[in-house]
Amino acid sequence: MSTIKAYGAKSSDADLKEMTIERRDVTDRDVKIEISYCGVCHSDIHTVRNDWGGSKYPVVPGHEIIGRVVEVGSDVSNFKKGELVGVGCMVDSCRECSACEDDLEQFCEEGMVGTYNGKDKHLGGHTFGGYSETIVVDKYYVLKVPENLEEKAVAPLLCAGITTYSPLKHWNVKKGDKVGVIGLGGLGHMGIKIAAAMGAEVVMITTSPSKADDAKRLGASSVLISKNEDDMKKHKGSFDFLLNTVPVKHDINPYIQLLKRDSTMCMVGAIEPLEPMHGGGLIMGRKRVAGSLIGGIKETQEMLDFCGEHNIVSDVEMIDMDTINTAYERVTNSDVKYRFVIDMQSLKN
């Protein structure tokens, strides 16, 4: 084992501070990565503050990891020292259940192992994430990052990117489809970019008229203000797909009215109870409300390759490690466009 620097919290009401953690030695199947950048996800904050329950302390968050390979095990042939790689939201799964066999490890029937706060099968205890100097990961869960992309801005693709790409791909969004992206934040801005690159007519649906210019810069063809009842009526029954990225409890009934017959709204933001849904909105038009969670390893690699082909990265604001607590407050207050990324060199200095 090796001892490395990290940043984490020792309780739900504690600030994140520098600490030391242990990483396992590289096994035959492992890849050791020196972390260059790590994105800040709202899930990091929820876990640190135990908003969802079950957090294990100390928590070392971070599941949007970009870095360079520094060591590989004897059975690793697909990665080499110096290669640019990424690690997303999971570092293990059973690889035997029906979900894993279908390349849907995120739905592993035994439970995927999260990059942080998951069950550590090697050292015992729980896993520690990317707010750290290095990480050791089984080769199966390491991803190749296109070298043409801006390295620091790739990090959020490992969560926000795949969270929006997966449902767009699963519901077969294609050229000419009318796609609504509900909510312009860390997820929503990636949804606009990816759907536009797929050839869709993208409509940004928001409560804030002030976000219109930015939405169009990101690739939206138009903006629909959901508080404007007349505009909502004009768009009624016209959308092929809705990607709902709103991260908090809200009323989805007005959005259901926007769907065409036999169309779907997919929820990717709010992991909590929603306002009551009226069944009539679904029945009258055979409409669907569904959900989606990141993507499997195969699909995540596909997403990275797609982003490399279309030169898609996140809009990011860079921070040093010692400003993470301030960044958490800003994320909570929606004061970032659109993702924070930590320069991990600042931890080493």
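Residues numbered from 1 in each chain as written. Predicted model: local features only at pLDDT ≥ 70, side-chain atom pairs only at ≥ 80, totals over all residues. Heavy atoms only, no water.

Q: Looking at this structure, I do not really get the sheet that holds strand β14 (residues 259-267). What am I missing?
A: Two modes of strand pairing occur in sheets, parallel and antiparallel, and in both the strands are linked by backbone hydrogen bonds. Within the open sheet, the six strands sit side by side as β12-β11-β10-β13-β14-β15. Their pairing is parallel. The strands lining the two open edges of the sheet, one partner per strand, are β12 (222-225) and β15 (288-291). This sheet shows a mean twist of 25° between the axes of neighbouring strands, independent of strand direction. Of the strand pairs in this sheet, β14 and β15 are connected by four bridges, and their pairing is parallel. What sits directly across from Met 265, in β15, is Val 289. Sitting on the sheet, helix α4 (residues 160-170) is in contact with β10 (178-182), β13 (239-244) and β14, with an inclination near 155° to β13. (Pairing = 2+ DSSP bridges. Helix = DSSP H or I, 4+ residues; strand = E, 2+ residues; numbered from the N terminus. Axes fitted to C-alpha atoms, helices over the stretch in contact; angles between N-to-C directions. Contact = heavy atoms within 4.5 Å.)

Q: What is the right way to read helix α11 (residues 324-332) from this model?
A: Residues that lie three or four places apart on an α-helix share one face, since the helix turns once every 3.6 residues. When we look at burial in α11, the residues that qualify are Ile 324, Ala 327, Tyr 328 and Val 331. Axial view of α11: buried residues confined to an arc of 105°, hence all on one face. Those residues of α11 that are buried lie in contact with β1 (2-8), β3 (30-40), α1 (42-48), β16 (316-320) and β17 (339-343). Once α11 ends, the next one or two residues include Ser 334, with phi positive near 55°. (Buried < 20%, exposed > 50% of the residue type's maximum accessible area, 1.4 Å probe, protein only. Arc of directions from axis to C-beta.)

Q: I'm lost on the pattern of salt bridges in this one. Help?
A: Proximity of charged atoms lets side chains of opposite charge pair with each other. Scanning the entire structure with this criterion turns up 24 salt bridges. When the shortest N-O distance is used, the salt bridge between Arg 24 and Asp 30 registers 2.9 Å. The class of Asp 30 is buried, set by a relative accessible area of 1%. With its nearest N and O atoms 2.6 Å apart, the salt bridge here joins Lys 193 to Asp 315. Of the two residues, Lys 193 sits in helix α5 (residues 186-197) while Asp 315 sits in the loop between α10 (297-310) and β16, which places them 122 residues apart along the sequence. Using a relative accessible area of 16% as the deciding quantity, one classes Lys 193 as buried. The buried category is assigned to Asp 315, whose relative accessible area is 16%. Where salt bridges share partners, they join Arg 29, Asp 92, Arg 95, Lys 121 and Asp 138 into one cluster. (Salt bridge = Lys/Arg side-chain N within 4 Å of Asp/Glu carboxyl O.)

Q: Please clarify how the pairing of β3 should be interpreted in this entry.
A: On a regular strand, each side chain points to the face opposite its neighbour's, so the side chains alternate between the two faces of the sheet. Of all 11 residues that make up β3, nine are buried, and the element is covered over most of its length. In terms of strand pairing, β3 meets strand β8 (residues 134-138) through five bridges, oriented antiparallel. Bridging across to β8, Asp 30 finds its partner in Asp 138. With four bridges joining them, β3 and β17 adopt antiparallel strand pairing. Its bridge partner being in β17, Val 40 is matched across the sheet by Phe 340.

Q: Where do I start with empty space enclosed by the protein in this structure?
A: Regions of empty space are outlined by a rolling probe, equal in size to a water molecule, passed over the atoms. Scanning all chains against the criterion turns up one cavity of 30 Å³ or more. What lines the largest cavity is Gly 88, Cys 89, Met 90, Leu 143, Leu 158, Ile 162, Ile 294, Gly 295, Ile 297 and Thr 300. (1 Å grid on protein atoms, 1.4 Å probe; cavity = no way out; pocket = protein on both sides within 12 Å on 5 of 7 lines; lining within 4 Å. Points joined across faces, edges and corners; volume = space filled by probe spheres on them.)

Q: Which parts of the structure should I look at to understand the packing of aromatic side chains?
A: Under the criterion given, the structure shown has three aromatic pairs. Sitting above the plane of the Phe 79 ring, Lys 144 keeps its charged end 4.5 Å from the centroid. The side chain of Lys 178 reaches across the aromatic face of Phe 239, ending 4.5 Å from its centre. (Phe/Tyr/Trp six-rings, centres within 6.5 Å; stacked < 30°, edge-to-face > 60°. Lys NZ or Arg CZ within 6 Å of the ring centre and 35° of its normal.)

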